[in-house]
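Structural features, examined
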Protein chains: 2
Amino acid sequence: MSRVLYELCGIDDELLFSPFCWRVRYALAHKGLDAETRPWRFAEKDAIAFSGQGLVPVLVDGDEVVSDSFEIMRYLDRVYPDKPLLGSPEAEARARFFKHYAERSLAPGMMRTIVMDLYNAIDPGDREYFRTTREKRFGRTLEEMHSPAKGLSMLDQALAPLRGRLEESDFMDGEAPGAADYLLFGNFMWARTVSTADLLSNADPVHGWMERMLDTHGGLGRSAKRIVDIQGAYDQ
Amino acid sequence: MSRVLYELCGIDDELLFSPFCWRVRYALAHKGLDAETRPWRFAEKDAIAFSGQGLVPVLVDGDEVVSDSFEIMRYLDRVYPDKPLLGSPEAEARARFFKHYAERSLAPGMMRTIVMDLYNAIDPGDREYFRTTREKRFGRTLEEMHSPAKGLSMLDQALAPLRGRLEESDFMDGEAPGAADYLLFGNFMWARTVSTADLLSNADPVHGWMERMLDTHGGLGRSAKRIVDIQGAYDQ
């Protein structure tokens with residue numbers, strides 16, 4: 001197979017937790033496309049230097065190299081137009097908002113809830129990089145950032161419009177999942193793979209959607225390796 | 001003209017402040033359609049009973065009667081397909097999220113900031129209805145709800161994804177405004193018409209969008225009557 005996806009991994013090659021990479025895994029599954037996962041760590045900037053930048057996901061599809069999860073979705077729609085992800089120009093414009101909502105509304109509350117679990121899931125060789133970049137970005141130490149009570153309260157507020165939408169529809173994009181679902185769901189996979197924190201009560205309409213998303217595309221999300229599946233993960 | 005839009009008005013027949021009605025005014029302008037405004041007050045349930053429910057906006061278009069701002073947008077796209085508002089099915093599915101984001105993320109912070117201004121702008125005959133229904137909905141008195149410091153902080157957090165989107169694009173729907181813009185902008189018109197509270201700093205990308213939205217469709221929003229234009233509004 002000539003299609004390769006570079007994905008961030010943690011203490012185990014199969015512990016894949018990047019929200020951005022999860023968007024792409026679902027986008028590929030949506031199109032019915034396979035890709036070989038190439039596990040990657042923050043320290044391995046050289047391994048993806050060919051992409052002209054230093055972050056994953058990086059998709060290598062034959063001769064084509066594409067980075068950035070949203071750009072990969074655009075690429076997939078262009079080259080494999082069947083089963084559109086982003087769709088019409090106005091649908092794509094609206095999809096862009098979901099990216100920002102995931103990153104700026106959902107992620108902050110999740111981060112404050114799971115940050116120390118996340119740190120524990122990261123490859124030991126990546127931890128200093130992670131700590132330095134995140135502490136600079138957030139202007140506080142990881143330990144100061146860690147506040148599940150605050151995080152869950154932030155998340156609860158951020159989820160309000162998602163609840164409204166999922167009370168009326170099974171998926172963000174309607175009767176079947178699409179780009180809007182994948183753009184958001186990456187963050188939920190991020191939290192799920194590295195942490196056992198309960199972010200959603202069973203009664204939450206977002207919980208039902210999460211269950212449907214875990215099951216879709218042959219149980220892609222549900223079968224993903226989690227930190228709890230890794231023996232000794234909590235002893236390091 | 002046979003097209004009539006029933007719109008909520010306040011202490012003056014021309015003080016139109018309903019966020020839902022503003023969505024429709026912009027949607028009509030987007031299509032290049034005129035409609036005669038029929039000022040309506042909460043106490044006048046009988047006047048719109050023919051619509052089978054008790055809220056505005058109600059659009060009467062010849063023999064057709066449509067209520068609910070989102071349903072009116074759908075109706076307009078069906079009957080006047082030129083210049084689509086909601087667009088393709090996936091674009092419409094995504095637009096529904098903007099409705100919830102406006103009502104559940106933006107509105108609460110705005111409400112806590114402007115609630116007493118809003119109360120002052122409402123027709124005296126409607127105030128008891130407004131107070132009773134809102135105090136029941138929010139579980140506190142209007143005076144307890146009034147907390148601009150809290151409201152502006154809530155709004156600041158809610159605006160984060162909007163800022164991200166408007167840093168990359170002039171409008172939510174791309175180079176020109178569309179349904180996503182109108183669904184959100186209604187709330188900004190709501191606050192603008194009844195209050196002088198500064199919700200956005202000049203440096204905020206949302207401020208730039210607000211200015212563009214006020215100017216679009218011939219300055220529809222900018223020319224709207226505000227509470228500050230009404231002599232004696234603050235003496236009542």
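Residues numbered from 1 in each chain as written. Chains lettered and ligands numbered in written order. Predicted model: local features only at pLDDT ≥ 70, side-chain atom pairs only at ≥ 80, totals over all residues. Heavy atoms only, no water.

As recorded in an unreviewed UniProt entry, chain A goes by Glutathione S-transferase and comes from Onishia taeanensis.

**Brief notes about the interface of chain A and chain B**
Taken together, the 32 residues of chain A in the interface contact 32 residues of chain B. Interface area, chain A with chain B, both sides summed: about 2500 Å², of which 57% is carbon and sulfur. Among the residues chain A hides against chain B, the three largest losses belong to Arg94, Phe97 and Arg104 of chain A. Together they make up 31% of the total. For the interface between chain A and chain B, the tally reads four salt bridges. Where arginine 104 of chain A meets glutamate 167 of chain B, a salt bridge forms, and the shortest distance between an N and an O atom there is 3.3 Å. (Contact = heavy atoms within 4.5 Å. Buried area = accessible area lost by both parts, 1.4 Å probe. Salt bridge = Lys/Arg side-chain N within 4 Å of Asp/Glu carboxyl O.)

**Description of helix α8 (residues 179-194) of chain B**
For α8 of chain B, which comprises 16 residues, the first-to-last C-alpha distance of 23 Å matches the rise-based estimate of 22 Å (1.5 Å per residue) to within 8%. Of all 16 residues in α8 of chain B, 16 are buried; the element is thus mostly enclosed. (Helix = DSSP H or I, 4+ residues; strand = E, 2+ residues; numbered from the N terminus. Expected span 1.5 Å × (residues − 1). Buried < 20%, exposed > 50% of the residue type's maximum accessible area, 1.4 Å probe, protein only.)

**Observations regarding the relation of the copies chain A and chain B**
One chain copy maps onto the other through a rotation about an axis and a shift parallel to that axis. The transform that puts chain A on chain B rotates by 180 degrees and translates by 0.0 Å along the axis, for an RMSD of 0.0 Å. The relationship between the two copies is best expressed as a two-fold rotation axis. Closest to the rotation axis within chain A is the C-alpha of alanine 91 of chain A, separated from it by 2.0 Å. Of the residues that chain A buries at the interface, 100% are likewise interface residues in chain B, meaning the two copies contact each other through the same surface. (Least-squares fit on C-alpha atoms with pLDDT ≥ 70 in both.)

**Side note on the pairing of strand β3 (residues 58-61) of chain A**
All names here are of chain A. Burial along β3 is two-sided: the residues Val58 and Val60 and Leu59 and Asp61 are all buried. Pairing analysis gives four bridges linking strand β1 (residues 3-8) to β3, with the strands arranged antiparallel. Directly across from tyrosine 6, in β3, lies its bridge partner valine 58. Relative to strand β4 (residues 64-67), β3 is paired through four bridges, and the arrangement is antiparallel. Across the sheet, residue aspartate 61 finds its bridge partner in β4, namely glutamate 64. Counted along the chain from β3 to the antiparallel partner β4, the turn is two residues long, and its residue glycine 62 has a positive phi close to 65 degrees. (Pairing = 2+ DSSP bridges.)

**Regarding the sheet that holds β3 of chain A**
Residue and element names in this part refer to chain A. Here four strands make up an open sheet; going across it, the order is β2-β1-β3-β4 and the pairing mixed. The two strands at the open ends of the sheet, each matched to only one other strand, are β2 (36-40) and β4. Averaged over all pairs of adjacent strands, the angle between their axes in this sheet comes to 20 degrees, without regard to strand direction. Relative to β1, helix α1 (residues 19-31) is tilted by about 150 degrees, and along the sheet it contacts β1 and β2. Sheet strands touched by helix α2 (residues 69-79): β3 and β4. Its angle to β4, the strand with the most contacts, is close to 140 degrees. (Axes fitted to C-alpha atoms, helices over the stretch in contact; angles between N-to-C directions.)

**Some thoughts on the nonpolar core**
If you look at the biggest cluster of nonpolar residues, it comprises 151 residues, and the most contacted ones within it are Leu162, Phe188 and Trp209 of chain A together with Leu162, Phe188 and Trp209 of chain B. Beyond its immediate chain neighbours, meaning those up to four positions away, phenylalanine 188 of chain B contacts Leu106, Met110, Leu159, Leu162, Leu200, Val206, Trp209 and Met210 of chain B. (Core = buried A, V, L, I, M, F, W, Y, C linked by side-chain atoms within 4.5 Å.)

**Details of the domain arrangement of chain A**
All names here are of chain A. Domain boundaries in chain A define domain 1 (3-79) and domain 2 (89-217). Here the C-alpha centroids of domain 1 and domain 2 sit 19 Å apart. With 21 residues of domain 1 at the interface, the matching set in domain 2 holds 33 residues. Taking both partners together, domain 1 and domain 2 bury about 2300 Å²; carbon and sulfur atoms supply 68% of that area. If you sort the residues of domain 1 by the area they bury against domain 2, Arg23, Tyr26 and Phe70 come out on top, with a joint share of 32%. Summed over the shared surface of domain 1 and domain 2, the result is three salt bridges. For the salt bridge of arginine 74 with glutamate 92, the shortest nitrogen-to-oxygen distance reads 2.9 Å. Put simply, domain 1 and domain 2 have ten residue pairs in polar contact (both at pLDDT 80 or more) between them. Counting only elements with at least two residues in the side of domain 1 that touches domain 2, the list comes to α1 and α2. Ranked by the residues each element gives to the side of domain 1 that touches domain 2, the list is headed by α1, at eight residues. (Domains from an automatic or database assignment. Polar contact = N/O pair within 3.5 Å; in protein donor to acceptor, adjacent residues only side chain to side chain.)

**Considerations on a positive patch on the surface**
Together, Arg140 and Lys150 of chain A together with Arg140 and Lys150 of chain B line one region of the surface with positive charge. Look at lysine 150 of chain B and you get partly exposed, because its relative accessible area is 44%. (Patch = residues over 30% accessible without salt bridge, like charges linked within 9 Å, V, L, I, M, F, W, Y side chains within 5 Å. Areas by Shrake-Rupley, 256 points an atom, 1.4 Å probe, with all protein chains shown as cover. Lys, Arg positive; Asp, Glu negative; His and termini not counted. Charge placed at Lys NZ, Arg CZ, Asp CG, Glu CD.)

**Digging into the packing of aromatic side chains**
Residue and element names in this part refer to chain A. In the structure shown here, the tally under the stated rule is 24 aromatic pairs over all chains. With 5.6 Å between their ring centres and 55 degrees between their planes, tyrosine 6 and phenylalanine 50 make a pair best called tilted. Of this pair, tyrosine 6 sits in strand β1 while phenylalanine 50 sits in the loop between β2 and β3; the two residues are 44 residues apart in sequence, bridging distant segments of the chain. Classification of phenylalanine 50 by relative accessible area gives partly exposed; the value is 42%. Among the aromatic residues, ring-to-ring pairing joins Trp22, Tyr26, Tyr182, Phe185, Phe188 and Trp209 into one connected group. Across the ring face of tyrosine 119, the terminal group of arginine 131 is positioned such that the distance to the ring centre comes to 5.0 Å. (Phe/Tyr/Trp six-rings, centres within 6.5 Å; stacked < 30°, edge-to-face > 60°. Lys NZ or Arg CZ within 6 Å of the ring centre and 35° of its normal.)

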